[in-house]
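# What the coordinates show
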Amino acid sequence: MNRRSFLQSAAGTIAAASLRQADALPMAPQPNKMIGLQIGAVSFADEGVGKVLDECQNSAAVNTLFVATFTYGRGIAGRQVPGQPLPDHGNQTYDTDTFFGGAYTKVNPKYYANTEFKSFRAPDLGGFDVLEQVIPEAKKRGMQTICWYEDVFRRDLPNVEKLQEVELTGKKAATLCFNNPDYQNWLQDIAEDWSRSYDIDGIMWGSERQGAFSNMLGASHGHANPSTVTCFCEFCYAKARASGINPERAKQGYLELEKFVLASRKGVRPVDGYYVQLWRLMLRYPELLAWESLWTSSLRAAQKAIYDRVKSVNPKLGVGWHIWHNNSFSPIYRAEQDLAEMAPYSDFLKVVIYHNCAGERMVDYIDSVGGTYFADVPKQELLDFHYRILDYGHEADITRLAATGFTADYVYRETKRARLGLEGTKTKLLPGIDIDIPTGKQSAKSTPAGTEAAVLAAFRGGADGVILSRKYSEMKLANLRAAGDALRKAGLA
Ligand SMILES: [Zn+2]
């Protein structure tokens, strides 16, 4: 299979469904695995398109660019996060005052007739259109270009309030609702705009969020505020009623759950213990879980709609999804990521398996759920329990984990699990590999040896490729080259 045909063949998934049996047979090693790299517009603007592409190709054998074409987040766009050391390339000043976010491509108004959200061109880089600049140079070098956008917005945008979710308190959230027709249309419209306006090879979209139940319990890394859980808007209420879920009962259940969580965070132990009390609430209000499932099913519907829209424009374009790192920590979130169920509308899946920052993120997750429904369990015991149920091997104990990160064995196990989860499907598995993702001062940092081991582990686990993450503007060249060394050792570059 040559490099160009990778996504095209993935796109033939439906037509080739009857051939699945034959395709499931072991295949000979493929020299042209997808070697993807996430990169924001600012790197091209700062360092020059040709220079950056040559560096990525020469050092890490990158053959596919995941260009951050839309986001309001710093995770995939902008220069290095302020406060973190600047890498050994690119502009050596922080863009604290200039980063705003939005679309780093032209916006063609004709595609946005069915949404109120029309004004989202990123002002950061003037008229710089990243796809217009990058695609011709990428093609010259035999590289593919995927538009990479994410579910991250800000509050100070014209009309965005019409698309926002509603929190339990009734206040508008900063996040947008998958059941709001304006947001549904916008998500599809921007994908259509890119698909029609540029000679791209595919689209990847990511949403690093979860439903009200998980958020209220703090079941993620990062610090969730129980009072800001979503979504309780009119569109979600209507969808709930149509699905036989009583929204008033759901809201009542969440208000009870909120009381439990707020008291737990203060160390007020229920008479029968934290874990038992959560079960009592779940049994009394089955709507708690129904509401969580409703949220996740709405996310899936949004993905399927994007997939269908892109395929209606050009069936050869590859469409896939970024799966949030919380998949590595929270068993509840993991239960919601049924890869086989997603496969029919996923040409590829980028499963985040960031080994290095996983250490401090896991500690953060344990601290969080260790303050709510697992508050009766000592932290080390709780971590051991998670290692066991998530099927991890020998990772560090709670006092050292942030400083050591996870091992390459974690990358291997998670890749293998995803591979098995996708068995019988044609969806390509592309683990996201951590290269210099920012961590705390005392926490583990990427190294060339660790990066090389992680890349090799992904292929040993059965990956169809890798996506070097999160963004070129935070990666040290030595670590990028270590990814390339791994690929050369594996005969993949
Ligand atoms: Zn809603």
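Computed from a predicted structure; not experimentally measured.

All right, on to the pairing of strand 7 (residues 202-206) then. In terms of residue burial, strand 7 counts as a mostly covered element, since five of its five residues are buried. Burial along strand 7 is two-sided: Gly202, Met204 and Gly206 facing one way and Ile203 and Trp205 facing the other are all buried. Two strands pair when backbone bridges link them, and strand 4 (residues 144-150) and strand 7 are joined in this way by five bridges, in the parallel orientation. Within strand 7, the position partnered with glutamate 150 by the bridge is glycine 206. In this structure, strand 7 lies alongside strand 8 (residues 318-323), joined through five bridges in parallel fashion. Paired with glycine 202 across the strands is glycine 318, a residue of strand 8.

Among the residues of helix 10 (residues 274-284), those classed as buried are Tyr274, Gln277, Leu278, Leu281 and Met282. Axial view of helix 10: buried residues confined to an arc of 140°, hence all on one face. Buried residues belonging to helix 10 abut helix 7 (212-217), helix 9 (247-265) and helix 11 (287-313).

Once that is clear, we can look at the confidence of the model for the protein chain. Summarising the model, the protein chain shows a mean pLDDT of 94, and 94% of its residues fall at 70 or more. Low pLDDT, under 50, characterises residues 1-30; the predicted model gives this stretch 43 contacts beyond four residues in sequence or across chains.

Burial in helix 8 (residues 234-242) covers these residues: Cys236, Tyr237 and Ala240. Taken end-on, helix 8 shows its buried residues confined to a sector of 100°, consistent with a single buried face. Facing away from the buried side of helix 8, by more than 90 degrees, are the exposed residues Glu234 and Ala242. For helix 8, the elements touching its buried residues are helix 9 and helix 11. Residue glycine 244 follows helix 8 closely and has a positive phi angle near 80°.

Time to look at the packing of helix 8 against helix 11. One way to put it is that helix 8 packs onto helix 11 with a least axis distance of 11 Å and a crossing angle of 105°. Taken together, the axis directions place helix 8 and helix 11 in an arrangement best described as roughly perpendicular. Taken together, the residues of helix 11 that come into contact with helix 8 (itself represented by Cys236, Tyr237, Lys239 and Ala240) are Trp291, Leu294, Ser297 and Ser298. Of the residues assigned to the contact of helix 8 with helix 11, the class counts are five nonpolar, two polar and one charged.

This part is about unusual backbone geometry. Of note, the bond from threonine 230 into cysteine 231 is cis; its omega dihedral lies within 30 degrees of zero at 10°. Topologically, cysteine 231 is positioned in the loop between helix 7 and helix 8. Phi at alanine 61 is positive, roughly 55°, even though this residue is not glycine. Along the polypeptide, alanine 61 turns up in the loop between helix 4 (49-60) and strand 2 (64-71). Although it is not a glycine, asparagine 159 sits at a positive phi angle of roughly 75°.

Protein coordination at the zinc ion: the donors are Cys177 (SG), Cys231 (SG), Cys233 (SG) and Cys236 (SG), at 2.2 to 2.3 Å from the metal. As a motif over one chain, the donors of the zinc ion read C-x53-C-x1-C-x2-C. One end of the pair, cysteine 177, is in the loop between strand 6 (172-176) and helix 6 (181-197); the other, cysteine 231, is in the loop between helix 7 and helix 8, and 54 residues separate them in sequence. Residue cysteine 177 shares its accessibility class with cysteine 231, and that shared class is buried.

Before going further, it helps to spend a moment on the environment of serine 43. By secondary structure assignment, the location of serine 43 is in helix 3 (residues 41-47). Residue serine 43 is classed as buried on the basis of its relative accessible area, which comes to 2%. When residues no more than four places from it in sequence are discounted, the contact partners of serine 43 are Gly48, Val52, Tyr472 and Ser473.

Cut-offs and rules
- Residues numbered from 1 in each chain as written.
- Predicted model: local features only at pLDDT ≥ 70, side-chain atom pairs only at ≥ 80, totals over all residues.
- Heavy atoms only, no water.
- Buried < 20%, exposed > 50% of the residue type's maximum accessible area, 1.4 Å probe, protein only.
- Helix = DSSP H or I, 4+ residues; strand = E, 2+ residues; numbered from the N terminus.
- Pairing = 2+ DSSP bridges.
- Arc of directions from axis to C-beta.
- Contact = heavy atoms within 4.5 Å.
- pLDDT = per-residue confidence, 0-100.
- Axes fitted to C-alpha atoms, helices over the stretch in contact; angles between N-to-C directions.
- Parallel < 35°, antiparallel > 145°, perpendicular 65-115°, else oblique.
- Nonpolar A, V, L, I, M, F, W, Y, C, P; charged D, E, K, R; others polar.
- Donors = N, O, S within 2.8 Å, 3.2 Å for Na, K, Ca; no water.

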